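Here are the chains, one letter per residue:
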Amino acid sequence: MIKKVATSRFAKQRQFSDLVGIDFSTTATKVVRLKKGKSDVVLAGLDLLPAVDFGASSSRMELPRNMSSYYGCLAYTGHAAVVRMVNASLQPDENGLPEPRLRELLNVTDDFRVAARLVKRGKGRQDSSLLAAAIPQDDARFLLNMFPSGPPAPASLEVSGLAFVSAFMHACGQTLGGEAVGLVEAGESVSHYAFLNQGEVVLVGKLPFGARSLRQKLAKDLGVDEELAQSILSDRSINISSSLSGVLQPILKQLSISKDFIERHQGIRVAKVFVSGGLSLLPSWVGEVGQMMHCDVMQWNPFENIVCDADVLTDDMKAQATRFAAAVGAALGGFEEA
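The following paragraphs examine the structure supplied in this document.

Cut-offs used in this document
Residues numbered from 1 in each chain as written. Predicted model: local features only at pLDDT ≥ 70, side-chain atom pairs only at ≥ 80, totals over all residues. Heavy atoms only, no water. Helix = DSSP H or I, 4+ residues; strand = E, 2+ residues; numbered from the N terminus. Rg over C-alpha atoms; globule rule 2.2 N^0.38 Å. Contact = heavy atoms within 4.5 Å. Areas by Shrake-Rupley, 256 points an atom, 1.4 Å probe, with all protein chains shown as cover. Lys, Arg positive; Asp, Glu negative; His and termini not counted. Charge placed at Lys NZ, Arg CZ, Asp CG, Glu CD. Salt bridge = Lys/Arg side-chain N within 4 Å of Asp/Glu carboxyl O. Buried < 20%, exposed > 50% of the residue type's maximum accessible area, 1.4 Å probe, protein only. Phe/Tyr/Trp six-rings, centres within 6.5 Å; stacked < 30°, edge-to-face > 60°. Pairing = 2+ DSSP bridges. Axes fitted to C-alpha atoms, helices over the stretch in contact; angles between N-to-C directions. Parallel < 35°, antiparallel > 145°, perpendicular 65-115°, else oblique. Nonpolar A, V, L, I, M, F, W, Y, C, P; charged D, E, K, R; others polar. Polar contact = N/O pair within 3.5 Å; in protein donor to acceptor, adjacent residues only side chain to side chain. Right-handed = clockwise from strand over helix to strand, strands pointing away.

## Focus: the overall build of the protein chain
Here is step 1: Scanning the protein chain from N- to C-terminus turns up nine helices and 14 strands.
Here is step 2: For 338 residues, the compact-globule estimate of 2.2 N^0.38 gives 20 Å, and the protein chain sits close to it at 20 Å.
Here is step 3: Viewed in the frame of its principal axes, the protein chain has a C-alpha envelope of about 55 × 55 × 40 Å.
Here is step 4: The long-range fraction of contacts in the protein chain, counting pairs at least 24 apart against all pairs at least 6 apart in sequence, stands at 68%.
Here is step 5: A total of about 15600 Å² of accessible surface is found on the protein chain, and carbon and sulfur atoms cover 46% of it.
Here is step 6: Between the centroid of the 35 positive side chains of the protein chain and the centroid of its 36 negative side chains there is a distance of 5 Å.

Take a look at the structure:
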């Protein structure tokens, strides 16, 4: 399974059996409580809370009593956050890079927290590949100030664009075999993508694009408000391809270039792309991705391989399951790292 790249780890190493994953996104705060048994992971709680305004003063976050465990794993969209694969020379006894060097490779300043995980060690004079992330110190302080004392005490903090990969591998990893796949987590204003080969990340990236871009484009073209534009986006019977192509083409072109690069560089074929996030609920988005990237596109369920009671994962929540991928991945990553 993909190990999380946490840009902060606060709890001492210990074996966790009960964690709450909290994903702070643009439209909502997604909260998932997971319990780990000897042979399975159980969904103990699920909630959608109002979005947090990062432009306001940070205040203590109170979770519903049934959603609070001793430790929490935090993830957030992070408009200024950076996720990237970096290549560097490592000594045989080294598994990482000093922070100044990592900041240099990520092109960020001292006011960012940085972390990286070794993905592939180079042979001979070849560089090693590391999965790296950086988040602004101000964002880290803001989130930590929301939890001045437990429970839950923050155990980790990471970018949602990496957390969802852990959820995907838990849900679908065993069915992939050795095939290479692409992942796209598309939200309201920011999207992330990753390409995996043999269960390991080989490329990650971030796109300044989301459901808002589509909604605003459609509203402008049709002369309607954004609420009606959202309804039109969700309607399979209305053909809006011409309106969407203008905003989607440069984004999907970047994804296609990344896909072609990986296929040539790794000598593989990426035939499937898995989509998640709120935007993946729109049929028009799924169809356009498949058509422009020339591959099969499918949704996936982050609660696959997790024991779910119908009283917790209700029909309403089940319909929005894809939105919880990062929250699920944050908690699963906490179990892995313990």
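## Some remarks on the pattern of salt bridges
Here is step 1: Within this structure, the stated rule accounts for 12 salt bridges.
Here is step 2: Here R212 makes a salt bridge to E188, at a shortest N to O gap of 3.7 Å. With R212 in helix α4 (residues 211–222) and E188 in the loop between β10 (180–186) and β11 (191–197), this residue pair connects regions lying 24 residues apart in the sequence.
Here is step 3: Classification of E188 as buried rests on a relative accessible area of 16%.
Here is step 4: Here E226 makes a salt bridge to R215, at a shortest N to O gap of 3.0 Å. Within this pair, whereas E226 is found in helix α5 (residues 226–233), its partner R215 is found in helix α4, the two being separated by 11 residues in sequence.

## Side note on the packing of aromatic side chains
Geometry of an aromatic ring pair is reported as the spacing of the ring centres plus the angle between the planes.
Here is step 1: Going through the model one piece at a time under the given rule, you end up with seven aromatic pairs.
Here is step 2: Between the aromatic rings of F54 and Y76, the centroid separation amounts to 5.8 Å while the plane-to-plane angle is 25 degrees, which identifies the pairing as stacked. Residue F54 is located in the loop between β4 (41–50) and β5 (71–76), and its partner Y76 is located in strand β5; the two are separated by 22 residues in the primary sequence.
Here is step 3: Residue class for F54 comes out partly exposed when judged on its relative accessible area of 32%.
Here is step 4: Their ring planes at 25 degrees and their centres at 4.7 Å tell us that F54 and F142 sit as a pair that is stacked. Separated by 88 residues along the polypeptide, F54 in the loop between β4 and β5 and F142 in helix α2 (residues 137–145) bring together distant segments of the chain.

## Section: the sheet that holds strand β14 (residues 296–299)
To summarise the sheet geometry, strands pair through backbone hydrogen bonds and adopt either a parallel or an antiparallel arrangement.
Here is step 1: The sheet built from five strands is open, its strands ordered β12-β11-β10-β13-β14 with mixed pairing. A strand with exactly one partner marks an edge of an open sheet, and here the two such strands are β12 (200–207) and β14. In this sheet, neighbouring strand axes are inclined to one another by 20 degrees on average, regardless of whether the strands run parallel or antiparallel.
Here is step 2: Lying on the sheet, helix α3 (residues 160–176) is in contact with β10, β11, β12 and β13 (270–276); it crosses β10 at an angle near 140 degrees.
Here is step 3: Where helix α7 (residues 283–293) meets the sheet, it contacts β10, β13 and β14, and its direction lies at approximately 155 degrees from that of β14.

## Focus on the packing of α4 against α5
Here is step 1: Closest axis-to-axis distance for the α4/α5 pair is 8 Å, and the angle between their directions is 105 degrees. In terms of axis orientation, α4 runs roughly perpendicular to α5. From α4, L214, R215, Q216, L218, A219 and L222 reach across to α5, where they touch E226, A229, Q230, I232 and L233.
Here is step 2: Here the contact of α4 with α5 is built from residues that sort into seven nonpolar, two polar and two charged.

## Focus on the side chain of D139
Here is step 1: Along the chain, D139 falls in helix α2.
Here is step 2: Separated by 2.8 Å, the side chains of D139 and Y76 make a polar contact.
Here is step 3: Sequence-distant contacts of D139, defined by excluding residues within four places in its chain, comprise F54 and Y76.

## Quick word on the pairing of strand β9 (residues 153–159)
Here is step 1: Buried residues dominate β9, accounting for six of its seven residues.
Here is step 2: Of the pairings in the sheet, the one linking β5 to β9 comprises six bridges and is parallel in character. Residue pairing across strands places G72 opposite P154, the latter belonging to β9.

## A short note on the pairing of β13
Here is step 1: Burial analysis of β13 places five of its seven residues in the buried class, the great majority of the element.
Here is step 2: Here β10 pairs with β13 via six bridges, running parallel. When the bridges of β13 are listed, G182 appears paired with V273.
Here is step 3: Examined bridge by bridge, β13 and β14 share four bridges and lie parallel to one another. When the sheet's bridge partners are listed, K272 is paired in β14 with D296.
Here is step 4: Following the chain from β13 across α7 to the adjacent parallel β14, one finds a crossover that is right-handed.

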